[in-house]
Amino acid sequence: MQLIDGKYTAETIREEIRQEVSRMINEGLRPPHLVAVLAGNDGASETYVANKIRTCAEVGFRSTLERLPSDVSEDEVLSLIDRLNADDSVDGFIVQLPLPAHIDVHRITERIRPEKDVDGFHPVNLGRMTEELPAYIPATPKGIIQLLERYKIETEGKHCVVVGRSNIVGTPVSILLSRNTYPGNCTVTLTHSRTQNLRALTLQADILIAAIGKPYFITADMVKEGAVVVDVGMTRVHAPERKLGFKLAGDVDFEHVAPKCSWITPVPGGVGPMTIMGLLQNTLLAAQHRVYPEHVGQDI
Ligand code: NAP
């Protein structure tokens, strides 16, 4: 068994981004600018956004946090999006999810200009991704694809079973791995909570991607000998022995599954650190107009 080290790979990518930002600045360009919109005060969202802002600083990006109260109206969020859409000093922005329950997430996502949608959640970006056109790829699937690529994991003709069909992980990663490219050219089975006899399917997987949100759900008897296992799950579980009183658990029973695998991602230190890099890479692409070259703001 070999470990796919997401922490190390993310550090490598962070350095690549940092160098590219230095190059831009040396050429007299301004650094990429990411704006994060945070509505309400959900604890996990606060942490995610703080990490994004901190990592922006580490690579030399400019970042701005736009805070909104939890009782903000949908129209007020839409007005802020209109302002960010029109602001040429903003290369890309994200609206941190989940939003307060009274706000329609689809209306919000669709209001963001696709050229600035660095989360890659706008239907135009998802459609372009499916068509193999330049697009912002959602950060977590992008991170998974880059792990497979950087570890030179063979994907062509392999059977990939994805467990979980969310719009941010399972569905996009299944599309990406079925495309005619590398990493890709897999035969993909996308499974979910209504799938019957899941084990019979996971046992066929050459590549198994677990994005469920149920700690230790994938057990050793569900995994084929020699499989590549990517664990996206990240759930806080009670751990009184830890200083914080909790630890992060993946969707895979790592201890028993790892000995059967050719490659496996750990939790933490697997997909997690790659996700934020995906967002920064998208923001860099936005600042350099490389996805939508027809949208000219700043010269490259
Ligand atoms: P989600 O939106 O809750 O989706 C979970 C998916 O799992 C759904 O499609 C659901 O099926 C499926 N599922 C639930 N129970 C199942 C079962 N018993 N058998 C088969 N499928 C089942 O979750 P998500 O946003 O994709 O996140 C999944 C996990 O990844 C979470 O732990 C999350 O924290 C983590 N995550 C990590 C990162 C990272 O950076 N590492 C990023 C994003 C998410 P239905 O569609 O039928 O309900």
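About the criteria used
- Residues numbered from 1 in each chain as written.
- Predicted model: local features only at pLDDT ≥ 70, side-chain atom pairs only at ≥ 80, totals over all residues.
- Heavy atoms only, no water.
- Helix = DSSP H or I, 4+ residues; strand = E, 2+ residues; numbered from the N terminus.
- Polar contact = N/O pair within 3.5 Å; in protein donor to acceptor, adjacent residues only side chain to side chain.
- Contact = heavy atoms within 4.5 Å.
- Expected span 1.5 Å × (residues − 1).
- Buried < 20%, exposed > 50% of the residue type's maximum accessible area, 1.4 Å probe, protein only.
- Arc of directions from axis to C-beta.
- Near = heavy atom within 4 Å.
- Areas by Shrake-Rupley, 256 points an atom, 1.4 Å probe, with all protein chains shown as cover.
- Nonpolar A, V, L, I, M, F, W, Y, C, P; charged D, E, K, R; others polar.

Chemist: For this particular structure, what's the right way to read the side chain of Glu66?
Modeler: Tracing the sequence through the fold places Glu66 in strand β3 (residues 62-68). Among the polar contacts made by the side chain of Glu66, one reaches the side chain of Arg83 at a distance of 3.1 Å. Apart from the residues within four sequence positions on either side, Glu66 is in contact with Val35, Ala36, Val37, Leu38, Leu80 and Arg83.

Chemist: What's the story with the environment of Thr189 in this structure? I'm lost.
Modeler: Along the chain, Thr189 falls in strand β6 (residues 187-191). A C-alpha to C-alpha distance of 18 Å links Thr189 and Val252, two positions 63 residues apart in sequence. Beyond its immediate stretch of four places on either side in the chain, Thr189 contacts His159, Cys160, Val161, Val162 and Leu201. In this structure the side chain of Thr189 is engaged in a polar contact, spanning 2.7 Å, whose partner is the side chain of His159.

Chemist: What am I meant to see in helix α3 (residues 74-86) here?
Modeler: The α-helix advances 3.6 residues per turn, and as a result positions three or four apart in sequence lie on the same side. Taking 1.5 Å per residue, 13 residues should reach 18 Å; α3 reaches 19 Å between its end C-alpha atoms and fits that length. Among all positions of α3, only Glu74, Val77, Leu78, Leu80, Ile81, Leu84 and Asn85 are buried. For α3, the angular spread of buried residues about the axis comes to 160 degrees, placing them on one side. Opposite the buried face of α3, at more than 90 degrees from it, the exposed residues are Asp75 and Ala86. Next to the buried residues of α3 lie β2 (33-39), β3, β4 (92-95) and α4 (105-111).

Chemist: I tried to follow the site of the ligand on my own but got confused; where do I start?
Modeler: In the vicinity of the ligand there are 21 residues, among which Arg165, Ser166, Ser193, Met234 and Thr275 approach most closely. The side chain of Ser166 places a nitrogen or oxygen atom 2.5 Å from an oxygen atom of the ligand. Contact distances for the ligand include 3.5 Å between a nitrogen atom and a backbone N or O atom of His192. Here the ligand has 930 Å² of accessible area as a free molecule, and 72% of this is covered by the chains. It is helix α10 (residues 271-287) that provides the largest number of residues to the shell around the ligand, a total of 3 residues. A per-class count over the shell around the ligand returns 9 nonpolar, 10 polar and 2 charged.

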